[in-house]
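Spelled out, the chains give:
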Amino acid sequence: MTKARHSTPLGDERRQALILAAYRIIAEKGFEGLRIQDVAANAGMNHATLYHYFPAKENLIQGVVEYLRQELVTPLDIPGSDYSTPLGTVRSMFLATHYRLQHTPEFIMVLSELILRSRRDQAIQEALKDMDSRWFGFLKHTLSRGVQEGALRADLDLDQATTTLMALQRGLINLSFTCPELLTVERIIEAVEKLLCG
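Anyway, here's the lowdown on the structure attached to this text. (Residues numbered from 1 in each chain as written. Predicted model: local features only at pLDDT ≥ 70, side-chain atom pairs only at ≥ 80, totals over all residues. Heavy atoms only, no water.)

This part is about the overall build of the protein. Each helix and strand counted, the protein has nine helices and zero strands in total. Listing every helix and strand of the protein by position from the N terminus yields α-α-α-α-α-α-α-α-α. Counting only C-alpha atoms, the protein reaches 60 × 45 × 35 Å along its principal axes. A total accessible area of about 11300 Å² is found for the protein, and carbon and sulfur atoms account for 53% of it. Counting 22 positive and 24 negative side-chain charges, the protein places the centres of these two groups 5 Å from one another. (Helix = DSSP H or I, 4+ residues; strand = E, 2+ residues; numbered from the N terminus. Areas by Shrake-Rupley, 256 points an atom, 1.4 Å probe, with all protein chains shown as cover. Lys, Arg positive; Asp, Glu negative; His and termini not counted. Charge placed at Lys NZ, Arg CZ, Asp CG, Glu CD.)

Okay, structure coming up:
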């Protein structure tokens, strides 16, 4: 039995190049500007090669969602981040979002485009639901560990606290577009610590 061509290192590189090309186009032009021919050209390939790796546009978009998910779960090495404790992990999550807002706005643009598009596109909605479900699970596990270790409030409602943290993260992103002057990440982290620690 032979391996599929796209499972080779070269195939992985080409697949990744196509995902990044789509990511850049969505960041610059939104979904309205996402054309298969442009993605292939941006990645230095023809559209037949693109269809080899992504048989449909939805598969390519799923690849972009997976790329974002991987980026979100990869810890950023930024000043003040500390993933060694549950509370440090939560703090670092907000610091990472703030960092992305300032230094990689294209990341936020693509995520926002996907969220808006999910209202009209079932495939994107399902992909984002999966991403949020994994995020919820990771955060809830982190908070549960904090409660068990005595670092967080013993009476913490894990589901409610997890949902609140996720909503605050999304709100941070939304405010960056509408009221950036209100973004004081230190104040948000202080409020989060009061919620979690009492």
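A few words on the nonpolar core. Counting residues in hydrophobic clusters, the biggest one holds 55 residues, and the most contacted among them are Val39, Phe94, Leu114 and Leu196. Looking at which element gives the most residues to this core, the answer is helix H1 (residues 9-29), with eight residues. The contact partners of Phe94, leaving out residues within four places of it in the chain, are Leu165, Leu168, Gln169, Leu172, Val185, Ile188, Ile189 and Val192. (Core = buried A, V, L, I, M, F, W, Y, C linked by side-chain atoms within 4.5 Å. Buried < 20%, exposed > 50% of the residue type's maximum accessible area, 1.4 Å probe, protein only. Contact = heavy atoms within 4.5 Å.)

Turning our eyes to something else, we now look at the packing of helix H5 (residues 86-103) against helix H8 (residues 158-178). Between H5 and H8, the shortest axis-to-axis distance is 10 Å and the interhelical angle comes to 15°. Overall, the two elements H5 and H8 adopt an arrangement that is roughly parallel. Note that H5 runs across H8; the crossing there is right-handed. For the pair H5 and H8, contact is made by Val90, Met93, Phe94, Thr97, His98 and Leu101 and by Leu165, Leu168, Gln169, Leu172, Ile173 and Ser176, respectively. Looking at side-chain class alone, the contact of H5 with H8 contains eight nonpolar, four polar and no charged residues. (Axes fitted to C-alpha atoms, helices over the stretch in contact; angles between N-to-C directions. Parallel < 35°, antiparallel > 145°, perpendicular 65-115°, else oblique. Left-handed = near helix turned anticlockwise from the far one by under 90°. Nonpolar A, V, L, I, M, F, W, Y, C, P; charged D, E, K, R; others polar.)

Once that is clear, we can look at helix H7 (residues 122-148). The end-to-end C-alpha distance of H7 is 38 Å, a good match for the 39 Å that 27 residues give at a rise of 1.5 Å each. Residues of H7 that are buried: Ile124, Ala127, Leu128, Met131, Trp135, Leu139, Thr142, Leu143, Ser144 and Gly146. Buried residues in H7 make contact with helix H4 (57-73), H5, helix H6 (105-118), H8 and helix H9 (185-197). At the N-terminal end of H7, a side-chain oxygen is found 3.0 Å from the backbone nitrogen of Ala123, two or three residues along, and the residue is Asp121. (Expected span 1.5 Å × (residues − 1). Polar contact = N/O pair within 3.5 Å; in protein donor to acceptor, adjacent residues only side chain to side chain.)

Using the criterion set out here, one finds nine salt bridges in the structure. Glu66 serves as the salt-bridge partner of Arg69, at 3.1 Å between the closest nitrogen and oxygen. Here Arg69 and its partner Glu66 are both found in helix H4, three residues apart, which amounts to about one turn of the helix. With a relative accessible area of 14%, Arg69 lands in the buried category. (Salt bridge = Lys/Arg side-chain N within 4 Å of Asp/Glu carboxyl O.)

A few words now on the packing of H5 against H6. Interaxial distance between H5 and H6 falls to 5 Å at its minimum, and their mutual angle equals 105°. Between H5 and H6, the crossing angle belongs to the class labelled roughly perpendicular. Judged by residue contacts, Arg100, Leu101, Gln102 and His103 of H5 engage Pro105, Phe107 and Ile108 from H6. Across the contact of H5 with H6, the residue classes break down as four nonpolar, two polar and one charged.

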